[in-house]
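Observations on the model geometry
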Amino acid sequence: MLKVPQHQVAGHEAGIGKLGPLVDESGRFYKPLQGDERGANEVAFYSSLSTNSGIPEHIQRFFPTFYGTQLVEASDGSGLLPHLVLEDLALGHVNPSIMDIKIGSRTWAPEASEKYIQKCLKKDRESSSLSLGFRISGLQIYRSKELGFWKPGKKAAQKLSTEEVKLVLRRFVSSNTLNDLDLRPDCAFASTVYGGSTGILSQLLELKAWFEDQTIFHLYSCSILVIFEKELALKGKNPGAHIKLIDFAHVYEGQGVIDHNFLGGLCSLIKFISDILTAPSDCRIDISAKADQKNLTADNGVVADHKSHTASE
Ligand SMILES: O=P(O)(O)O[C@@H]1[C@@H](OP(=O)(O)O)[C@H](OP(=O)(O)O)[C@H](O)[C@H](OP(=O)(O)O)[C@H]1OP(=O)(O)O
Ligand SMILES: Nc1ncnc2c1ncn2[C@@H]1O[C@H](COP(=O)(O)OP(=O)(O)O)[C@@H](O)[C@H]1O
């Protein structure tokens, strides 16, 4: 039985008359193929992954496992439609904190139409993509059993200013996220989630080392999904923080050229995460201006009652 994913934070969402991904109980994530070249592009990319000798094994682990394509009943009621079958990255998580970070200051590929470029440029300008080289496409942060998740609406997440992005990257690893208006995140879990030899920073650096060399692919509009389980961190256990690359609808051949767009965005993200680890208690973020706070407050698309789950559910 296919269901709407509980922990999707960005992208097209399944709903009545809406085409979006579905999941099954065995841990598979079904992403509908977009009818144009985007669908074909993504299938071609995933199909080439496991046999591509240019992708070392330690880098392969940053991609979701691919199980081919399958015809399944589409979520919008339009009947059987081909779907990519992927590993469900939320499987095994009870209340995962998740961030979808779209990498690159530019989100369209060279061959895109003028109309599509204009659409992307608008989003890149209105978000932190142009200024920082990445944007938070969507996120959910686990707060508590009673409060569930802090989950800003997708549009609000994408309009975060530079200062707000800094704040959210801190809030993501903080214990004092109960109040939407709390602008002084304590970064209590920074060292266990972002830091350490297996933490997020170390994984990002491993990815960066590969992107400094690889000239096989140019990944436009691709995201890094960051996932961890806050309840484990609260109990002093390993929160299983990890990253995965997702969304390959706009991957193009690198033709011997470094993917400067992705690499630049990745370096910028690394700098922000490093800064948090260097000064976790440094909350001197100039977010006092009302305009800068608007995207983070409860009246701007924040879903406060997004339910949490207990391990037995
Ligand atoms: O269709 P939209 O306007 O919802 O845009 C999609 C984006 O959703 P957004 O509204 O920015 O949250 C969506 O963005 P996110 O995954 O949410 O970051 C994708 O960029 C999607 O592009 P594609 O599937 O990679 O071609 C985008 O689809 P296209 O613009 O390529 O149709
Ligand atoms: N393999 C996966 N397992 C679990 N969740 C996923 C997986 N791939 C994507 N998602 C969720 O779906 C969202 C959108 O995925 P994406 O591939 O970017 O779709 P779109 O092309 O619609 O933007 C991500 O932000 C994430 O929350």
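Residues numbered from 1 in each chain as written. Chains lettered and ligands numbered in written order. Predicted model: local features only at pLDDT ≥ 70, side-chain atom pairs only at ≥ 80, totals over all residues. Heavy atoms only, no water.

**A short note on a positive patch on the surface**
Rules: Patch criteria: residues need more than 30% relative accessible area and no salt bridge. Like-charged residues are merged within 9 Å; nonpolar side chains of Val, Leu, Ile, Met, Phe, Trp and Tyr are merged within 5 Å. For the area figures, the Shrake-Rupley method with a 1.4 Å probe applies, and any residue is considered shielded solely by the protein chains shown. Any Lys or Arg side-chain nitrogen located within 4 Å of an Asp or Glu carboxyl oxygen qualifies as a salt bridge. Counting rule for charge: Lys and Arg are taken as positive, Asp and Glu as negative, and neither His nor the chain ends is counted. Charged groups are reduced to one reference atom each: NZ for lysine, CZ for arginine, CG for aspartic acid, CD for glutamic acid. Helix and strand assignments follow DSSP, with helices taken as H or I runs no shorter than four residues and strands as E runs no shorter than two, numbered in order from the N terminus. Exposure categories follow from relative accessible area, calculated using a 1.4 Å probe and restricted to protein chains: below 20% of the type maximum is buried, above 50% is exposed, and the middle band is partly exposed.
On the surface, a cluster of positive charge is contributed by Lys-115, Lys-119, Lys-123, Lys-155 and Lys-159. Ranked by residue count, the leading element in the positive patch is helix H3 (residues 114-126), at three residues. Here Lys-123 is to be found in helix H3. Taking relative accessible area as the criterion, Lys-123 reaches 34% and is therefore assigned partly exposed.

**Re the environment of Val-43**
Going by this rule: Any two residues whose heavy atoms approach within 4.5 Å at even a single point are treated as in contact.
For Val-43, the position within the fold is in helix H1 (residues 37-49). Look at Val-43 and you get buried, because its relative accessible area is 18%. Taking C-alpha positions, Val-43 is 24 Å from Met-1, a pair spaced 42 residues apart along the chain. What Val-43 contacts, discounting residues up to four positions off in sequence, is Leu-33, Thr-69 and Leu-84.

**Digging into the site of ligand 2**
As a reminder of what qualifies: For this description, a residue counts as near a given molecule or strand if any of its non-hydrogen atoms is within 4 Å of it. The term polar contact refers here to a pair of N or O atoms within 3.5 Å; inside protein, the definition further demands a hydrogen-donor-capable atom paired with an acceptor-capable atom, and it admits residues adjacent in sequence only when both atoms are side-chain atoms.
In the vicinity of ligand 2 there are 16 residues, among which His-12, Lys-31, Glu-87, Leu-89 and Asp-100 approach most closely. Between an oxygen atom of ligand 2 and a side-chain N or O atom of Lys-31, the distance comes to 2.7 Å. Relative to its unbound accessible area of 550 Å², ligand 2 is 92% covered by the protein chains. Of all the secondary-structure elements, those providing two or more residues to the shell around ligand 2 are strand E2 (28-32) and strand E4 (80-87).

**Remarks on helix H10 (residues 260-278)**
Stated formally: To estimate the expected span of a helix, count its residues, drop one, and scale the result by 1.5 Å.
Taking 1.5 Å of rise per residue, the 19 residues of H10 would be expected to cover 27 Å, and the 26 Å separating its terminal C-alpha atoms lies within 8% of that figure. Those residues of H10 lying buried are Asn-261, Phe-262, Leu-263, Gly-265, Leu-266, Ser-268, Leu-269, Ile-270, Phe-272, Ile-273 and Ile-276.

**Overview of the sheet that holds E4**
Condition: By this definition, two strands are paired if DSSP reports at least two bridges between them.
With antiparallel pairing, the four strands of this open sheet are ordered in space as E1-E2-E4-E3. At either margin of the open sheet sits one strand with a lone partner, and together these are strand E1 (22-23) and strand E3 (66-73). In the sheet, E1 pairs with E2 via two bridges, with the strands oriented antiparallel. The residue bridging Leu-22 from the neighbouring strand is Tyr-30, located in E2.

**What about unusual backbone geometry?**
Despite not being glycine, Ser-221 shows a phi value in the positive range, around 65°. Turning to its location among the elements, Ser-221 is positioned in the loop between strand E8 (217-219) and strand E9 (223-229). On the basis of relative accessible area, Ser-221 is assigned to the buried category, the value being 6%. One non-glycine residue with positive phi stands out, namely Asp-247, at about 70°. On the secondary structure map, Asp-247 appears in the loop between strand E10 (242-246) and strand E11 (251-253). Judged by its relative accessible area of 23%, Asp-247 is partly exposed.

**Things to note about the domain arrangement of the protein**
Let me state the cut-off plainly: For the domain bounds, the source is a domain assignment made automatically or taken from a database. We define buried area as the total accessible area lost by two parts upon association, computed with a 1.4 Å probe and summed across both. When residues are grouped by polarity, Ala, Val, Leu, Ile, Met, Phe, Trp, Tyr, Cys and Pro land in nonpolar, Asp, Glu, Lys and Arg in charged, and all others, Gly among them, in polar.
Domain annotation of the protein identifies domain 1 (22-87) and domain 2 (96-306). Tallying the contact residues gives 19 residues for domain 1 and 17 residues for domain 2. Both sides of the domain 1 and domain 2 interface together cover about 1600 Å² of buried area, and 63% of this is carbon and sulfur. The interface formed by domain 1 and domain 2 holds two salt bridges in total. Between Lys-31 and Asp-247 there is a salt bridge whose closest N-O contact spans 3.2 Å. The tally of links between domain 1 and domain 2 comes to seven residue pairs in polar contact (both at pLDDT 80 or more). Put simply, the parts of the chain that give the side of domain 1 that touches domain 2 at least two residues each are H1 and helix H2 (57-60). In terms of residue count, H1 provides more of the side of domain 1 that touches domain 2 than any other element does, six residues in total. Of the residues contributing to the side of domain 1 that touches domain 2, the split by class is eight nonpolar, six polar and five charged.

**A look at the packing of helix H8 (residues 200-211) against H10**
Note the cut-off: Simply put, an axis is a line fit to the C-alpha atoms, just over the touching stretch for a helix, and the angle between two N-to-C directions goes from 0 to 180 degrees. If an angle is under 35 degrees, it is roughly parallel; if it is over 145, roughly antiparallel; if it lies from 65 to 115, roughly perpendicular; otherwise it is oblique. In a left-handed crossing the near helix is turned counterclockwise from the far helix by less than a right angle, and in a right-handed crossing that turn is clockwise.
Contact geometry for H8 and H10: axes closest at 10 Å, N-to-C directions at 155°. As far as their axial angle goes, H10 and H8 are roughly antiparallel. Helix-helix and strand crossings are classified by hand; for H8 and H10 the assignment is left-handed. The residues of H10 that touch H8, namely those facing Leu-201, Leu-204, Leu-205, Leu-207, Lys-208 and Phe-211, are Phe-262, Leu-263, Leu-266, Cys-267, Leu-269, Ile-270, Ile-273, Ser-274 and Leu-277. Classifying every residue of the contact of H8 with H10 gives 13 nonpolar, one polar and one charged.

**Looking at the packing of helix H6 (residues 162-171) against H10**
Close contact between H6 and H10 brings their axes to 10 Å; oriented N to C, the two are set at 55°. As the angle between them shows, H6 and H10 are arranged oblique. When you trace H6 past H10, the crossing you get is right-handed. Facing Lys-166, Leu-169 and Arg-170 of H6, the residues of H10 in contact are Leu-269, Phe-272, Ile-273, Asp-275 and Ile-276. Here the contact of H6 with H10 is built from residues that sort into five nonpolar, no polar and three charged.

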